[in-house]
Every structure is written in C-alpha cells, then in structure tokens.
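Inside the fold
The lines below spell out each chain.
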Amino acid sequence: MSFSTHFTHAITRRSAASIIKGLRAVDTGTPDLALIQSHHDAYIATLRETGATVVELPALEAFPDSVFVEDTALCLPQGAVVMRPGAPTRLGEAAEMAPHLRALYTQVVEITGTDSFIEGGDILVTEKEILVGRSARTNAAGIAELTRLVAPWGHTVREVHTPPGVLHFKTDCSLLDADTVLSTTRLSASGCFKGYKLIDIPDGEEAAANTIRFNEFVLMPAGFPKTRDRLTAAGFTVREIGNTECAKLDGGMSCLSLRFSPK
Ligand code: CIR
C-alpha cells in the first residue's frame, strides 16, 4: 500500500472562533463560523468513512489559524518532524501539536534552527521523494534541516519553487496516486513534476488544485466542476467538500489534517 496516499490515521483541530482574525492574502469577507464547522464536520466524516482513526483536537483560541494543522508537522511512516512555521503568529502552533504526535509515534524530531522556517503546506510527499517548495513561509535553512532529519529514515528531499504570489507549494498541487500529480499549469510549467503523470487543473479553477488523496477518496473543494469531471474521468473517486470559508483564509483540503500511518 502506498504510504503517500493511504493512511490509518489523521489529526484535525476544531476551528477557533478567533479564525475570523486568521491570515489571508486578500480580504474577501469574514468567514462564517457555523459554516466552517459544518464543512469541517463533513471533511472529518469523509476521512472516517475510509476506516481511518481521526483525532479531533480542541480549538486553540490563541492561534487563529490553528485549524490548518498541516503546517505544524510532516508525518512519515518512520516518524514525525515538527515544523517551524514561517508566519510569526503561527510559530507556537507547532509546540501545541508535538505532544499529540509523540502519543502516536515512537520517533518525533523537530526543526530547531532559529533561522529555519518551514511549513507543511510546502511539502509534497510522494513514494520516491519529498518535494519542498521555497516560499514566503519556507526558507533554505528550513529545507536543509528537514533534509538532514529525514535522511536516516531513507527519504530524499528535492527543493522546488512555489510560484510567486501563491501561499504554499501544495496550494497549487496534490498527489493523486503513487505517480500522478494534479497541478496548476503555472506550477507545472517550472518542470518540477518531470517523471510524474500530470493532470492539469483547467484554466480558471486554480483554487481546486489543493486536494487530498486519502485512501479510496480524493477530497476536493466543492464548486469546481471541470476539475471534478477530469478526476472522475481519470478513474478517481471524488468527494466534494465545502471550502468557501477556509478559502477566505487561503486554506484548503490538505491544510485541515495531518495524515499518516505510524509504525
Ligand atoms: C495561513 O496563511 O497560514 C492560513 N491562513 C492558511 C494556511 C493554509 N495551510 C496550508 O495550505 N497548508
């Protein structure tokens, strides 16, 4: 079974009411708290439908963006790496996640360099390598430290680039199966997915690029019919999840969980 698409566990965190103060590139309106919760419930129910164990952590009011747990850690089969988020208001979220990872994994290591910054949203794990996008949140020192930490577990890291103006590398791409990537053309034009099978995001649906393959399903944001039809035609079982509120905060499907199968 592919460790990059099939998982026994996920960790999520309930949205804090303070999410209305969460980070965003452009203000497109205040997120509706009740709607965020109902979208989040549908997301968790879909993960559970695959038989996975889904941990739901309580809200952290001190951290408005803490529902986006993906940015706090990288979870691999051999162990977990606690990140150092590059957004100053999010740095403390990593320490809040660490004990929950220690409860499930025997090996948990941490990015510790004071100059190192790296967020999980910039990391795409495939069967053969770990791609990490340099971005406004992830720097060379963070990538170098991650490379050293995962080498003993047999993983290699390849540094790539997040397109300018795009929050995270995975804002624009997702892994669909062991060697198939869904990507915007503005990202794949860099050539970073050479050797992978590519499914292009149709023009105008760039906001649908952040999906997750989680066991038998591909979870994607609702409202992008061309992408949905393209994925279905390629043989994937798609589940559409409402994402209008998280999208106001530049968040999507991958941001809302850590997905893993601890040894
Ligand atoms: C932030 O700017 O950090 C949040 N508002 C959104 C984080 C989205 N996370 C992700 O793509 N992994």
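Let us look at the structure shown here. (Residues numbered from 1 in each chain as written. Predicted model: local features only at pLDDT ≥ 70, side-chain atom pairs only at ≥ 80, totals over all residues. Heavy atoms only, no water.)

**Brief notes about the overall build of the chain**
Tallying secondary structure elements over the chain gives six helices and 15 strands in all. Dimensions of the chain, computed from the C-alpha atoms along their principal axes, are close to 45 × 40 × 40 Å. A burial count over the chain gives 56% of its 263 residues as buried. By sequence separation, contacts in the chain at least 24 residues apart represent 69% of the contacts at least 6 residues apart. Counting 25 positive and 31 negative side-chain charges, the chain places the averaged centre of each group 3 Å from the other. (Helix = DSSP H or I, 4+ residues; strand = E, 2+ residues; numbered from the N terminus. Buried < 20%, exposed > 50% of the residue type's maximum accessible area, 1.4 Å probe, protein only. Contact = heavy atoms within 4.5 Å. Lys, Arg positive; Asp, Glu negative; His and termini not counted. Charge placed at Lys NZ, Arg CZ, Asp CG, Glu CD.)

**Regarding the pattern of salt bridges**
This structure, assessed with the given rule, holds 16 salt bridges. Here Glu93 and Arg90 are joined by a salt bridge, their closest N and O atoms 2.9 Å apart. What makes Arg90 buried here is its relative accessible area of 4%. A salt bridge links Arg137 to Glu119; the shortest N-O distance between them is 2.9 Å. Of this pair, Arg137 sits in the loop between strand E7 (130-134) and helix H3 (140-150) while Glu119 sits in the loop between strand E5 (108-110) and strand E6 (123-125), and the two are 18 residues apart along the sequence. What makes Glu119 buried here is its relative accessible area of 0%. (Salt bridge = Lys/Arg side-chain N within 4 Å of Asp/Glu carboxyl O.)

**Thoughts on the environment of Ser257**
By the secondary structure assignment, Ser257 is in the loop between helix H6 (244-247) and strand E15 (258-260). Owing to a relative accessible area of 0%, Ser257 belongs among the buried residues under this scheme. Sequence-wise, Ser257 and Leu47 are 210 residues apart; in three dimensions their C-alpha atoms are separated by 9.7 Å.

**So, the site of the ligand**
As a matter of local geometry, the ligand sits amid 14 residues, with Leu23, Asp65, Asp71, Leu249 and Cys255 nearest to it. Contacts to the ligand include His168, whose side-chain N or O atom sits 2.9 Å from an oxygen atom. Within the backbone of Leu249, a nitrogen or oxygen atom sits 2.7 Å from a nitrogen atom of the ligand. Against a free-state accessible area of 350 Å², the protein chains account for coverage of 99% of the ligand. Its residues placed into classes, the shell around the ligand shows five nonpolar, three polar and six charged. (Near = heavy atom within 4 Å. Polar contact = N/O pair within 3.5 Å; in protein donor to acceptor, adjacent residues only side chain to side chain. Areas by Shrake-Rupley, 256 points an atom, 1.4 Å probe, with all protein chains shown as cover. Nonpolar A, V, L, I, M, F, W, Y, C, P; charged D, E, K, R; others polar.)

**With respect to the nonpolar core**
Among the nonpolar cores identified, the biggest contains 21 residues, and Tyr43, Leu47, Phe68, Ile212, Phe214 and Leu219 are the most heavily contacted of them. Considering every element that reaches this core, the biggest residue donor is helix H1 (residues 33-49), with four residues. Leave out the neighbours within four places in its chain, and Leu219 touches Tyr43, Thr46, Leu47, Thr211, Ile212, Phe214, Arg239, Ile241 and Met253. (Core = buried A, V, L, I, M, F, W, Y, C linked by side-chain atoms within 4.5 Å.)

**Overview of the sheet that holds E6**
The strands making up a sheet associate through backbone hydrogen bonding, with each pair oriented either parallel or antiparallel. Spatially, the three strands line up as an open sheet ordered E6-E7-E8, and their pairing is mixed. Two strands close off the open sheet at either side, each with one partner strand: E6 and strand E8 (157-161). Direction aside, the axes of adjacent strands within the sheet are offset by 25 degrees on average. Where E7 meets E8, five bridges bridge the pair, whose relative direction is parallel. Its bridge partner lying in E8, Leu131 is registered against Arg158. (Pairing = 2+ DSSP bridges. Axes fitted to C-alpha atoms, helices over the stretch in contact; angles between N-to-C directions.)

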